[in-house]
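# Overview (structure and organization)
Listed here are the chains, written in short residue letters.
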Amino acid sequence: MNFEAIKGNWKQLSGKLKGEFAKLTDDDLKRIEAEFEQISGVIQERYGLAKEEAEAKVNEFLDKH
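Before going into details, it helps to say that this report is about the structure given with it. (Residues numbered from 1 in each chain as written. Predicted model: local features only at pLDDT ≥ 70, side-chain atom pairs only at ≥ 80, totals over all residues. Heavy atoms only, no water.)

### Some details on helix α5 (residues 51-64)
The end-to-end C-alpha distance of α5, which contains 14 residues, comes to 20 Å, matching closely the 20 Å that a straight helix rising 1.5 Å per residue would cover. Within α5, the full set of buried residues consists of Ala54, Val58, Phe61 and Leu62. Down the axis, α5 shows its buried residues gathered within 95° of arc, on one side only. Residues of α5 that are exposed and point more than 90 degrees away from the buried face comprise Glu52, Glu60, Asp63 and Lys64. (Helix = DSSP H or I, 4+ residues; strand = E, 2+ residues; numbered from the N terminus. Expected span 1.5 Å × (residues − 1). Buried < 20%, exposed > 50% of the residue type's maximum accessible area, 1.4 Å probe, protein only. Arc of directions from axis to C-beta.)

### With respect to helix α4 (residues 39-47)
Listing the buried residues of α4 in full gives Ile39, Ser40, Val42 and Ile43. Considered in projection along α4, the buried side chains sweep an arc of 160° and stay on one side of the axis. Within two residues after α4, Gly48 carries a phi angle of roughly 65°, on the positive side.

Below is the structure:
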């Protein structure tokens, strides 16, 4: 995953991310922006998923966008 490219397009990506994962709050998105590597952890927490499942969903999302 190229985190620098993602951070460069964060505003667009965060809107799409919130559209895909509606349970994310604005505070979650701010936390993710500061430490993008935490994205799967936040998704895992909000949706009650296993770590591997959350990582798979994030990778699937990033592949689409």
